[in-house]
Amino acid sequence: MSDRLPGTRTGAARLGRTVAAVVVLCALPFYLDAFWLRIGLFSMAAAVGAVGLGLLSGTAGQLSLGHAFFLAVGAYGYVWLAGEPGPGLPTAVAAVLAVLLAGAAGGLFSPVAGRVRGVYLGVATLALVFLGHHVLLTADSVTGGFNGRSVPPLELGGFSFSADSELTLLGVPFGAEERLWYLGLALFAFTWFTARGLLRGRPGRALVALRDSETAAAVMGVDVSRYRSAAFVVSSMYAGLAGVMIALSFRRVVPDYFGLVLSVDYLAMIVIGGLGSVAGATAGAVFVTALPLLMTRYADQLPLVAAPGTTGGTVGPTEAARYLYGAAIVLILLFAPDGLHGLVRRLRARLRRRPAPRPTATTSPTPSPAPSARAKEPTP
């Protein structure tokens with residue numbers, strides 16, 4: 001019974017932290033304005049995509065520079081399936097089909113991913129970005145061309161995630177950002193638990209073995225080509241879900257957003273956060289996504305950063321943010337190769353190993369020597 005107490009206490013503490021985090025996240029729309037909620041929405045969408053890329057590159061060890069392509073498939077797939085011109089499907093059905101469409105695109109590319117590895121796979125996926133950008137610019141009837149298309153708001157059971165209808169909760173008006181906040185939380189929680197379950201199960205162990213050594217994985221019975229292809233498909237589906245979330249958050253999709261820079265941003269997210277970690281990918285996504293938005297908001301208060309719309313010898317907030325997280329990548333690779341997640345894990349382990357302070361020694365009075373025994377007098 002006593003042996004189970006430490007584990008029980010640890011599990012209860014972890015559950016308490018989880019419940020507290022959920023309560024805080026659910027309460028934020030009642031106190032934050034639209035700007036901060038928008039940052040949270042963009043960060044949650046980026047975290048979903050980063051988790052997918054982390055499974056592919058961090059866990060399976062496959063380099064991909066084409067993540068932006070699958071994000072675009074998810075975003076434009078939802079817009080076309082739910083909008084006009086297009087089939088005009090119910091938005092919930094269109095969102096699910098857009099995720100499946102991104103997975104199908106990954107499945108079409110999976111034979112290449114199953115046979116090519118390393119830098120060659122990176123170059124092959126890089127071709128997807130350029131090909132996808134060309135299609136987005138030229139297929140005007142589907143994508144809207146250079147100007148893009150507006151995004152139909154999502155509706156579930158007659159409830160619209162837009163500001164078209166009035167909604168007030170506890171005296172707080174709920175617009176599009178407040179409503180999408182809870183949708184983003186639900187989708188992010190789904191991504192978090194499914195990805196962690198995948199990593200802790202047999203597929204995750206097979207992917208880790210595949211990353212460490214393909215020969216050893218094949219000897220242990222892992223179908224190398226099958227698992228590499230499956231990792232690409234699953235990663236593409238997560239990217240498609242992130243694309244749907246990005247489209248709903250931006251409310252308009254344009255081709256220039258889904259370029260090579262976006263793919264590089266996602267690689268930066270998983271490197272900064274920590275390869276092969278769901279929590280690390282989330283932390284890296286929040287850092288890379290929120291930094292340029294915050295620097296744009298407070299550009300007039302930062303040194304050497306020009307406010308948007310001004311000219312001068314200083315750099316803009318977006319460029320300054322890229323310099324900063326570029327420097328963060330260098331520092332991470334030099335001093336913490338396992339990213340922010342590994343750094344936090346080591347700090348926690350160090351705090352747990354810290355010895356408890358020793359009790360102060362108290363001086364006890366010196367015992368007085370026992371009196372010597374009196375010699376027995378002889379009997380007369």
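Along each chain, numbering runs from 1 in the same order as the chain's sequence is written. In view of the model being predicted, local features appear only for residues whose pLDDT reaches at least 70, and side-chain atom pairs are presented and counted only at 80 or more, with totals across whole chains, interfaces and linings using the full set of residues. Hydrogen atoms and water are omitted, and side-chain values are computed over all heavy atoms in the structure.

(A) Seen up close, the nonpolar core. We call a set of buried residues a nonpolar core when its members are Ala, Val, Leu, Ile, Met, Phe, Trp, Tyr or Cys and they connect through side-chain atoms within 4.5 Å of each other. Burial classes: relative accessible area under 20% of the type maximum marks a residue as buried, over 50% as exposed, and values in between as partly exposed (1.4 Å probe, protein chains only). With 80 residues, the main nonpolar core has Leu71, Tyr78, Leu248, Val253, Phe258 and Tyr266 as its most contacted residues. The element contributing the most residues to this core is helix α10 (residues 224-250), with 13 residues. In contact with Leu248, other than residues within four places in its own chain, are Tyr78, Val151, Pro152, Leu154, Leu180 and Leu183. Counting six residues, the second largest nonpolar core, distinct from the first, contains Ala299, Val305, Ala320 and Ala321. Secondary structure elements are taken from DSSP: a helix is a run of H or I of four residues or more, a strand is a run of E of two residues or more, and numbering for both begins at the N terminus. Every residue pair with non-hydrogen atoms within 4.5 Å of one another is taken to be in contact.

(B) How the structure looks around unusual backbone geometry. The peptide bond linking Glu84 to Pro85 adopts the cis configuration, its omega dihedral lying at 0°. In this structure, Pro85 sits in the loop between α3 (67-82) and α4 (91-115). If you check the backbone angles, Arg251 has positive phi at about 70° while not being a glycine. Here Arg251 is to be found in the loop between α10 and β6 (252-253).

(C) Main features of the side chain of Ser43. Tracing the backbone shows Ser43 in helix α2 (residues 34-59). The residues contacting Ser43, other than those within four sequence positions of it, are Ala285, Val286, Thr289 and Ala290.

(D) Broad picture of a positive patch on the surface. In this scheme, patches are assembled from residues that exceed 30% relative accessible area and form no salt bridge. Like charges are connected within 9 Å, while nonpolar side chains (Val, Leu, Ile, Met, Phe, Trp, Tyr) are connected within 5 Å. Accessible surface is estimated by sampling points in the Shrake-Rupley manner with a 1.4 Å probe; for residues, cover comes only from the protein chains shown. We define a salt bridge as a side-chain nitrogen of Lys or Arg found within 4 Å of a carboxyl oxygen belonging to Asp or Glu. The charged-residue count follows a simple rule in which Lys and Arg add positive charge and Asp and Glu add negative charge, with His and chain termini not counted at all. We put the charge of a Lys on NZ, of an Arg on CZ, of an Asp on CG and of a Glu on CD. Together, Arg14, Arg17, Arg200, Arg348 and Arg352 line one region of the surface with positive charge. For the positive patch, the secondary-structure elements that each account for two or more residues are α1 (5-27) and α14 (339-353). Using a relative accessible area of 47% as the deciding quantity, one classes Arg14 as partly exposed.

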